[in-house]
Every structure is written in structure tokens, then in C-alpha cells.
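Okay, here's what each chain looks like letter by letter:
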Amino acid sequence: MASTEIALVLGSGGFRGPAHVGVLERLVELGVPIDTMIGCSVGSVIAAFYASVGLPVEGLIEHAFGVRPLGVIGHAISLRSQGRVGRYFERWSHPVTSRLELLEGRDWNTFHHGVRRLGFLMHDRVRGERIFAVTGRERGLTLSEAVRASSRVPMLFPPLRKEVEGVGRRLVDGGVSSPTPVLHAVATPVSASHVIAVDLTASLKRGMRSELDRWQRRLGDRLLVLRPRPASDGGRRGAGRFIQAWYQSGRHAIGPEEEARLRGWMERPSTERVPAAIFGENQPSLPSA
């Protein structure tokens, strides 16, 4: 009997991203094996630093969120500007670029902490299509390109221009297509038997794009949706108190009930996978997604 294969889906959420670290820390403490990590937006950054770079969970907060807003703005302006203006703002963007450089040269097959597969969701602004790259189906993207594109918030950052399988793309934040992309955890080539999805969407209307309620009905006990929310947001976005509030909310999202379900997954190996019929009419479009 095959063992349970768990995919962890880290959705979009911007400054609320420290909650992903809190969830991941609790999963490590409980000994939950993560076979696949799928990210979009800030979730892609966390997944890449943890699984590809190999940072320990306690180091993720500093590397992913230890950049002041001025550094993020400087990086955005330097990407959009050329000549003297671009060079000027490069000085401000160094904290961001130095972290992104950790992804350079990383491949799609060498991972840490027991993870065997990584996937990232991007959105093509020109055609309004989702683009998903994953280990075994990289689609001509380097891992670094996929992470950078997946986390490029529209309006703030310019899209990453890339030809993907013969088609010119302008790639931005995958959260535009689906803030919490459970679909790609259960579709091929990932085909996880169980999924943990961390939903950080602030807007109910935007969150509906992930169709989490629909997936919950179809997957039942095999999908655990976590929605971290702090009692207090800690004030200004990106400030120390704000980061800690969302980090703690991630830890608290796994309470006794969630822990019991996760232990049940580990104690009862499963050979089940999501049947093809579950995708309905969407299945033929998956190869281009």
C-alpha cells in the first residue's frame, strides 16, 4: 500500500505571508511529511526559500520578510526604470535582490526537508491565462524565473516577459488567477492524495477564484483548509508587531481538531488519488494551465 502523499498549497497574501511560516513551523513540529509544495505570490517565496534554498523554518521570517517597505519600493522602481534612475534605486533594492540571488542556479529536482516537488502558479496578463510550472513540467522556466514571476504584484512590479512553449507571455502574480490554487495539487503531474491549503485572501470575492468550497465538497476529509486570522493585525503592515501577529495566527490555525486530522492522514496510508472525472470539463485545459 502506497503512503499518503501530502501537498502543501501556500496562497497569495502579501504582507500576511508570515502566517505561512507559522503553519509550516507547526507542520514540522508535528512531523507531517510534505511531498509537494505549491505556491503563488508570497507563498512561492516561502516555498522556494524552504524547499529549494533549504532554509530552516526559523530562518524564513528574516529572509522572506526582513526587508523594509523602502527596499520593496526601490526594487520595483529599479525594475521599471533604466539609466541613472534605475541605478539610483538599485541601492535601495539591494536587500531584495540579495535574497532573490539565493534562488539563482537552483534546479527543479534538488530539494530539502523531505520535499520532492515544487510548483508555482503565474498569470499571463496579456491572455488572461494561468501558467503553472512544476517539477517534471517546468515549461522552459528556471526555478528562479518561476518564483520571480509568481510573486510580481501587478501595478507595483512589471511583468516578467518570457516565451513559454513558443508563446510570448507577460507573467505576474499567480494570485490573479487563483489565490489558493488547490487545483494544481490534485491534477497531474502532482496528483497528491491529500492537500493542506493555506488561504490568506482578505476579500471573499477574490477568494472565490480558488473555489475552496467546491474542492472541499469534492475532496472531503482529504483537503484541510487553514485560514489564519490574528486577533489583532498588529498595526502597520510590515512592522515587527504585524509580522508576529500573522506568524502566530499561522501557528494557531492548527489546533487540536486539525492536528487530529493530520495524524489520521499519517496513520492511514492511502492509495487514493483524485479521479479524472472530478475535473469535469476542465480536464482538457489542464495541459495549458
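Residue positions within a chain follow its written sequence, with the count starting from 1. Local features in a predicted model are, by the rule used here, given only for residues with pLDDT of at least 70; side-chain atom pairs are given and counted only at 80 or more, and totals for whole chains, interfaces and linings are based on all residues. Excluding hydrogens and water, the side-chain figures rest on all heavy atoms present in the structure.

Focus: the overall build of the protein
For step 1, the next point in the chain: Secondary structure summary: the protein contains eleven helices and eight strands in total.
For step 2, the next point in the chain: Whether a residue is buried, partly exposed or exposed follows from its accessible area with a 1.4 Å probe, protein chains only, as a fraction of its type maximum: under 20%, in between, or over 50%, in that order. Here the protein, with 289 residues, has 54% of them falling under the buried criterion.
For step 3, the next point in the chain: Any two residues whose heavy atoms approach within 4.5 Å at even a single point are treated as in contact. If you take every contact in the protein between residues at least 6 apart in sequence, the share linking residues at least 24 apart comes to 74%.
For step 4, the next point in the chain: Within the structure as shown, the protein displays about 13,200 Å² of accessible surface, and the carbon and sulfur contribution to it stands at 51%. Runs of H or I in DSSP of at least four residues are treated as helices and runs of E of at least two as strands, each being numbered from the N terminus. Calculation of accessible area relied on Shrake-Rupley with a 1.4 Å probe; when residues are assessed, cover is drawn exclusively from the protein chains displayed.

Quick notes on the pattern of salt bridges
For step 1, the next point in the chain: Salt-bridge detection follows one rule: a side-chain nitrogen of Lys or Arg within 4 Å of a carboxyl oxygen of Asp or Glu. The full count for this structure, using the stated rule, is 16 salt bridges.
For step 2, the next point in the chain: A salt bridge links arginine 26 to glutamate 29, with the shortest nitrogen-to-oxygen separation between them at 3.2 Å. Of the two residues, arginine 26 and glutamate 29 both sit in helix H1 (residues 18-30), three residues apart, roughly one turn of that helix.
For step 3, the next point in the chain: The exposure class assigned to glutamate 29 is partly exposed, which follows from its relative accessible area of 46%.
For step 4, the next point in the chain: Among the salt bridges present, the one from arginine 263 reaches glutamate 259, with a minimum N-O distance of 3.0 Å. Highlighted residues: arginine 263 and glutamate 259, both in helix H11 (residues 256-267), separated by four residues, approximately one helical turn.

Some thoughts on unusual backbone geometry
For step 1, the next point in the chain: Cis geometry marks the peptide bond from threonine 188 to proline 189; its omega dihedral reads 10°.
For step 2, the next point in the chain: Structurally, proline 189 can be placed in the loop between helix H7 (183-186) and strand E7 (194-198).
For step 3, the next point in the chain: For serine 41, which is not glycine, the phi dihedral falls at a positive 60°.
For step 4, the next point in the chain: Relative to the elements of secondary structure, serine 41 occurs in the loop between strand E2 (36-39) and helix H2 (42-53).
For step 5, the next point in the chain: Of note, arginine 139 is a non-glycine position whose phi angle comes to about 65°, a positive value.
For step 6, the next point in the chain: Counting through the fold element by element, arginine 139 comes out in the loop between strand E4 (129-134) and helix H6 (143-150).

Topic: H6
For step 1, the next point in the chain: Across the eight residues of H6, six count as buried, placing the element largely inside the fold.
For step 2, the next point in the chain: Those residues of H6 that fall on the buried side of the exposure criterion are Leu143, Ser144, Ala146, Val147, Ala149 and Ser150.
For step 3, the next point in the chain: Elements that come into contact with the buried residues of H6 comprise E2, H2, strand E3 (117-124), strand E5 (160-164) and strand E6 (167-173).

Remarks on the confidence of the model for the protein
For step 1, the next point in the chain: Of the residues in the protein, 76% reach a pLDDT of 70 or more, and the chain-wide mean stands at 83.
For step 2, the next point in the chain: Here residues 279-289 scores under 50 on pLDDT; set against residues more than four positions off or in separate chains, the count is 25 contacts. Across the chain, each position has a pLDDT score giving the predictor's confidence in that residue, from 0 to 100.

Let's talk about the packing of aromatic side chains
For step 1, the next point in the chain: Working definition: rings of Phe, Tyr and Trp (its six-membered ring) pair if their centres are within 6.5 Å, and the pair is stacked with planes under 30 degrees apart, edge-to-face with planes over 60 apart, and tilted otherwise. Scanning all chains against the criterion turns up two aromatic pairs.
For step 2, the next point in the chain: Consider the rings of phenylalanine 242 and tryptophan 246, whose centres lie 6.3 Å apart with planes at 40°: the pair is tilted. One end of the pair is phenylalanine 242 and the other is tryptophan 246, both in helix H10 (residues 240-252) and four residues apart, which spans about a single turn.
For step 3, the next point in the chain: For phenylalanine 242, a relative accessible area of 4% translates into the label buried.
For step 4, the next point in the chain: Should the NZ of a Lys or the CZ of an Arg lie within 6 Å of a ring centre and within 35 degrees of the ring normal, that charge is described as sitting over the ring. Sitting over the face of the ring of tryptophan 215, arginine 214 holds its NZ or CZ atom 4.9 Å from the ring centroid.

Here's the deal with the pairing of strand E1 (residues 6-10)
For step 1, the next point in the chain: Taken across its five residues, E1 has five buried, putting it largely inside the fold.
For step 2, the next point in the chain: Side chains of E1 alternate between two faces, with Ile6, Leu8 and Leu10 and Ala7 and Val9 buried alike.
For step 3, the next point in the chain: Bridge count for E1 against E7 is five bridges, and the pairing is parallel. When the bridges of E7 are listed, valine 9 appears paired with alanine 197.
For step 4, the next point in the chain: Sheet analysis places E1 next to E2, joined by four bridges and oriented parallel. For two strands to count as paired, DSSP must find a minimum of two bridges between them.

Focus: the pairing of E4
For step 1, the next point in the chain: Inspection of the sheet shows E3 paired to E4 by six bridges, in the antiparallel sense. Counterpart to leucine 121 in the pairing with E4 is phenylalanine 132.
For step 2, the next point in the chain: As consecutive antiparallel partners, E3 and E4 are separated by four residues, and within that stretch glycine 128 has a phi angle of approximately 65°, a positive value.

Some remarks on the nonpolar core
A general trend in soluble globular proteins is that nonpolar side chains are found buried together.
For step 1, the next point in the chain: Core analysis: the largest hydrophobic core is formed by 55 residues, its most contacted members being Leu8, Leu27, Met37, Leu60, Phe120, Ile196 and Leu262.
For step 2, the next point in the chain: Among the elements that line this core, the one with the most residues is H2, at eight residues.
For step 3, the next point in the chain: Those residues in contact with methionine 37 that sit more than four places away from it in its chain are Leu8, Leu10, Leu24, Ala47, Tyr50, Ala51, Val115, Arg117, Leu118 and Gly119.
For step 4, the next point in the chain: Counting residues in hydrophobic clusters, the runner-up holds 21 residues, among them Val9, Cys40, Ala187 and Leu219. Think of a nonpolar core as a cluster: buried Ala, Val, Leu, Ile, Met, Phe, Trp, Tyr and Cys residues, connected wherever their side-chain atoms sit within 4.5 Å.

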